[in-house]
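# Structural overview for review
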Amino acid sequence: MFPRQARGLLDFVMAVLCVWTAYHHTPAGALVRKASAWAFSTKSTARPLLAYYDGVTGTSLAAPVLAPEISIVRPLTDAEALAWGTHLALKGLDARAREPSAALAQELGIPMTTLLDPVEGPRAARRLHAALAGDFPLEEARLAALFVGRVPARYAVERVAAEGSTPTLEALNRQLPPGFEGASVGAAQALALSTTFGLGWPVYESARVTSPFGERHHPVLGTRKMHTGVDLGVPVGTEVLAVAEAVVRRASEDAVNGRVLVLDHGRGVTTAYCHNSELLVRVGEKVTRGQLIARSGNTGRSTGPHLHYQLELASRPMDPLKFRATVRAMSQDTAP
């Protein structure tokens, strides 16, 4: 079909593409990138070798993302979720980045220690939001004001309005003067965390957690590994539901995850659903909360039928049980 010279060029281009793909999107490539970074004392962009997410983009949050220290005993309202997200984001910032929030809290007679307290902090954060609601009725503009201060936030809102744009945090951050980068990260974290508190659950409520989030003895590899999600012991064919409105970013199959879906919920929040027997949505498709997206299975690196459910905030795995209301006690064990 092709002349010999053209066929050779095509083979060369395909070989280069294969090498590039392997370098950026396989565990072996990640290992080479990490080794190169170590050898040349540079920073590696490779993800952990056994990470379940690859190819998912999100807001980069420099500060640590914290989970609640106490159990959430009931589902949160939107206002409560925003307050919890604000409280946790403030706890993750250093003292300098907290200064605008501390000044606002001082106006209301709220000590910073109260804002950082695991019990009183969310209630104090609601007071901050209430104090700003009149001047900043939109949620993202109010978060900007809370974390960077009223004056810079008002300037950013006016600039965005003059451009005819929507005052999202991303748009507002572009209009802020230099020096507010740390506080801006806090606002983005608060928004991501508040979204996380509103997520549903991917299977029926009484499904048993057979392997929790955290370091464990890997049932296949036989070594201590970080388990970046929770395993839910459900029969093959169990309905898997989207935990919130999202866009499908990945719908594929590999030897580790089996048939896997990754959903992007926006605001830096993504969820993954692994080891399914059947995928019912495609990449790029928009899904709604509670929509049937897959049927659970036993595909990939698995020792029995289950769903591996994973939550990430800005590409950082988080324990989804920390953000779930403990409406009823669920049994847990360490079996794979």
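As the structure is a computational prediction, the values presented were derived from the model and not from experiment.

What counts and how
- Counting restarts for each chain: residues are numbered from 1 in the order of the written sequence.
- With pLDDT at 70 or above as the cut-off, local features in this predicted model cover only qualifying residues; side-chain atom pairs require 80 or more to be listed or tallied, and sums for whole chains, interfaces and linings still use all residues.
- Note: side-chain values were computed over all heavy atoms of the structure, leaving out hydrogens and water.
- Secondary structure is summarised from DSSP: a helix means a run of H or I of at least four residues, a strand means a run of E of at least two, and numbering begins at the N terminus for each.
- Buried residues are those whose accessible area, probed at 1.4 Å on protein chains only, stays under 20% of the maximum for their type, while exposed residues exceed 50% and partly exposed ones sit between those limits.
- Contacts between residues were defined by any pair of non-hydrogen atoms, one from each residue, lying within 4.5 Å.
- Accessibility throughout is a Shrake-Rupley quantity obtained with a 1.4 Å probe, and a residue counts as covered only by protein chains that appear here.
- To define a nonpolar core, start from buried Ala, Val, Leu, Ile, Met, Phe, Trp, Tyr and Cys residues and group those joined through side-chain atoms within 4.5 Å.
- Domain start and end points were adopted from an automatic or database domain assignment.
- We define a salt bridge as a side-chain nitrogen of Lys or Arg found within 4 Å of a carboxyl oxygen belonging to Asp or Glu.
- Throughout, an axis means a line fitted to C-alpha atoms (over the contacting stretch in the case of helices), and angles, computed between N-to-C directions, take values from 0 to 180 degrees.
- Each crossing gets its hand from how the near helix is turned against the far one by less than a right angle, where anticlockwise is left-handed and clockwise is right-handed.
- Any residue that is not Ala, Val, Leu, Ile, Met, Phe, Trp, Tyr, Cys, Pro, Asp, Glu, Lys or Arg is counted as polar, Gly included; the first ten are nonpolar and the last four charged.
- Per-residue confidence from the predictor is reported as pLDDT, a score between 0 and 100.
- By this rule, a helix spans an expected 1.5 Å times one less than how many residues it contains.
- Of all possible arcs, the one meant is that of the directions from the helix axis to the C-beta atoms.

## As for the overall build of the protein
Scanning the protein for helices and strands turns up ten helices and twelve strands. Per-residue burial for the protein yields a buried fraction of 44% across its 336 residues. Across the protein, contacts joining residues at least 24 apart in sequence account for 62% of those joining residues at least 6 apart. Of the roughly 17,100 Å² of accessible surface on the protein, 57% is carried by carbon and sulfur atoms.

## A short note on the nonpolar core
Nonpolar side chains in soluble globular proteins tend to end up buried together. Tyr273, Ile293 and Tyr309 are the most contacted members of the largest nonpolar core, which totals 39 residues. When contributions to this core are tallied by element, the ones reaching two or more residues are α3 (78-92), α10 (181-197), β4 (230-233), β6 (246-254), β7 (258-266), β8 (269-279), β10 (292-296) and β11 (307-313). At four residues, the largest contribution of residues to this core is made by β11. Mapped onto the domain boundaries, this core takes at least three residues apiece from domain 1 (78-198) and domain 2 (208-331). Apart from the residues within four sequence positions on either side, Ile293 is in contact with Val240, Leu241, Ala242, Leu261, Leu263, Tyr273, Leu279, Leu280, Val281 and Val287. Leu93, Ala125, Ala171 and Leu172 belong to the second-largest nonpolar core, a separate cluster that totals 34 residues.

## Brief notes about the pattern of salt bridges
Applying the stated criterion across every chain yields a total of twelve salt bridges. Of the charged contacts in the structure, one is a salt bridge between Glu107 and Arg150, with a shortest N-O distance of 2.9 Å. With Glu107 in helix α4 (residues 99-107) and Arg150 in helix α8 (residues 150-163), this residue pair connects regions lying 43 residues apart in the sequence. Among the salt bridges present, the one from Asp264 reaches Arg249, with a minimum N-O distance of 3.2 Å.

## Overview of the packing of helix α7 (residues 139-148) against α8
The geometry of α7 relative to α8 is characterised by a closest axis approach of 7 Å and an angle of 145 degrees between their N-to-C directions. In the packing of α7 onto α8, the handedness of the crossing is right-handed. In contact with Ala141, Ala144, Ala145 and Val148 of α7, α8 contributes Arg150, Pro152, Ala153 and Val157. Grouping the constituent residues of the contact of α7 with α8 by class yields seven nonpolar, no polar and one charged.

## Looking at unusual backbone geometry
In this structure, Ala314 is a non-glycine residue whose phi angle is positive, near 50 degrees. Assignment of secondary structure puts Ala314 in the loop between β11 and β12 (316-318). Assessed through its relative accessible area of 11%, Ala314 is described here as buried.

## Section: the environment of Asn257
Along the chain, the position of Asn257 falls in the loop between β6 and β7. Asn257 sits in the buried class, given a relative accessible area of 4%. With 16 residues separating them in the primary sequence, Asn257 and Tyr273 have C-alpha atoms 8.7 Å apart.

## Details of the confidence of the model for the protein
Of the residues in the protein, 75% reach a pLDDT of 70 or more, and the chain-wide mean stands at 83. Contacts of residues 43-61 to residues separated by more than four positions or lying in other chains number 49 contacts, the stretch itself having pLDDT below 50. Low confidence marks residues 327-336, where pLDDT is under 50. Its contacts with residues over four positions away, or in another chain, come to 23 contacts.

## Some thoughts on α10
Compared with an ideal rise of 1.5 Å per residue, which puts 17 residues at 24 Å, α10 spans 25 Å between its outermost C-alpha atoms and is within 8% of the ideal. Of all 17 residues that make up α10, 15 are buried, and the element is covered over most of its length.

## Topic: helix α6 (residues 121-132)
Helix length check: α6 (twelve residues) gives 17 Å between terminal C-alpha atoms against 16 Å at 1.5 Å per residue, within 8%. When we look at burial in α6, the residues that qualify are Gly121, Pro122, Ala124, Ala125, Leu128, His129 and Leu132. For α6, the angular spread of buried residues about the axis comes to 160 degrees, placing them on one side. Looking at the buried positions of α6, the neighbouring elements they touch are α3, α4, α5 (112-116), α7 and α8.

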